[in-house]
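# Fold and contact review
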Amino acid sequence: MAFELPELPYDYEALAPFMSKETLEFHHDKHHKAYVDNGNKLAAEAGLADLSVEEVVKKSFGTNAGLFNNAAQHYNHIHFWKWMKKGGGGNKLPGKLESAIASDLGGYDKFKADFVAAGTTQFGSGWAWLSVKDGKLVISKTPNGENPLVHGASPILGVDVWEHSYYIDYRNARPKYLEAFVDSLINWDYVLEMYEAATK
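Note that the structure is predicted; figures quoted are calculated from it, not measured. (Residues numbered from 1 in each chain as written. Predicted model: local features only at pLDDT ≥ 70, side-chain atom pairs only at ≥ 80, totals over all residues. Heavy atoms only, no water.)

## What to know about the nonpolar core
Condition: In this text, buried Ala, Val, Leu, Ile, Met, Phe, Trp, Tyr and Cys residues form a nonpolar core when linked through side-chain atoms within 4.5 Å. Each residue's exposure class comes from its accessible area (1.4 Å probe, protein chains only) as a fraction of the maximum for that residue type: buried when under 20%, exposed when over 50%, partly exposed otherwise. Helix and strand assignments come from DSSP, with helices taken as H or I runs of at least 4 residues and strands as E runs of at least 2, each series counted from the N terminus. What fixes the domain bounds is an automatic or database domain assignment. Whether two residues touch is decided by their heavy atoms; if any such pair falls within 4.5 Å, the residues are in contact.
Residues Phe80, Phe111, Leu157, Phe181 and Trp188 are the most contacted members of the largest nonpolar core, which totals 60 residues. It is helix α3 (residues 65-82) that provides the largest number of residues to this core, a total of 7 residues. Each of domain 1 (21-83) and domain 2 (95-198) contributes no fewer than three residues to this core. Those residues within four positions of Phe181 in sequence are excluded, and the remaining contacts are Phe80, Trp83, Met84, Phe115, Leu157, Gly158, Val159 and Ile186.

As structure tokens, this is what we get:
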């Protein structure tokens with residue numbers, strides 16, 4: 001299936017002041033579009049154009065770096081836009097998620113501290129993740145476009161720590177961006193949807 005650039009699920013001003021219109025215009029319209037365009041070209045060359053983005057990610061990992069980088073980043077960003085919403089974030093979680101975070105991660109405050117730490121300590125470009133692995137929630141970090149799909153896990157929340165995700169708004173203050181993401185942007189309803197799909 002050809003990769004397609006999704007529309008943002010909100011207008012470009014919706015996430016301000018935590019993520020600006022300018023950041024979304026560059027990040028979505030330029031960076032994500034480039035992953036889509038390059039991914040389609042490389043998937044066609046590799047004979048994988050008919051596969052889903054998840055299958056392309058898994059098949060290209062460790063075998064076709066160019067295709068993997070673009071396909072994985074496309075997958076990551078399809079969900080990244082949905083993992084945020086106006087008026088999001090904070091500790092008012094759906095009950096099922098709140099219970100899982102309490103039992104698997106030691107509660108919301110520890111989740112927040114560990115998730116922010118994962119994003120802060122990812123050297124260079126990458127992502128921090130909340131995933132389901134072997135039925136339990138885990139926090140991890142990955143370099144560049146790599147994601148938990150290739151490590152036997154199902155991502156249910158991710159935050160982009162490539163500089164293009166925060167530099168316009170936060171300059172080099174990555175921890176401040178990560179705090180704002182958790183406190184003010186996370187769309188917990190979409191995280192719950194992915195959690196339920198991953199734990200069926």
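## Some remarks on the UniProt feature "binding site: Mn(2+)" (unreviewed entry) in the chain
Test applied: UniProt positions are given in the numbering used here, feature names are shortened, and annotations may be inferred rather than shown by experiment. For this analysis, a polar contact is any N or O atom pair within 3.5 Å, provided that within protein one partner can donate a hydrogen and the other can accept it, and provided that sequence-adjacent residues contribute only side-chain to side-chain pairs.
Residues annotated by UniProt as "binding site: Mn(2+)" (unreviewed entry) correspond here to His27, His77, Asp160 and His164. Over a stretch of 138 residues, the named residues converge on one spot in the fold, their C-alpha atoms separated by at most 12.7 Å. Setting aside chain neighbours within four positions, we find His77 in contact with His27, His32, Tyr35, Trp127, Asp160 and His164. A distance of 2.8 Å separates polar atoms of two side chains, one belonging to His77 and the other to His27. You can see Asp160 is positioned in strand β3 (residues 154-160). When residues no more than four places from it in sequence are discounted, the contact partners of Asp160 are His27, His77, Phe80, Gly126, Trp127, Ser165 and Tyr177. A distance of 3.0 Å separates polar atoms of two side chains, one belonging to Asp160 and the other to His27.

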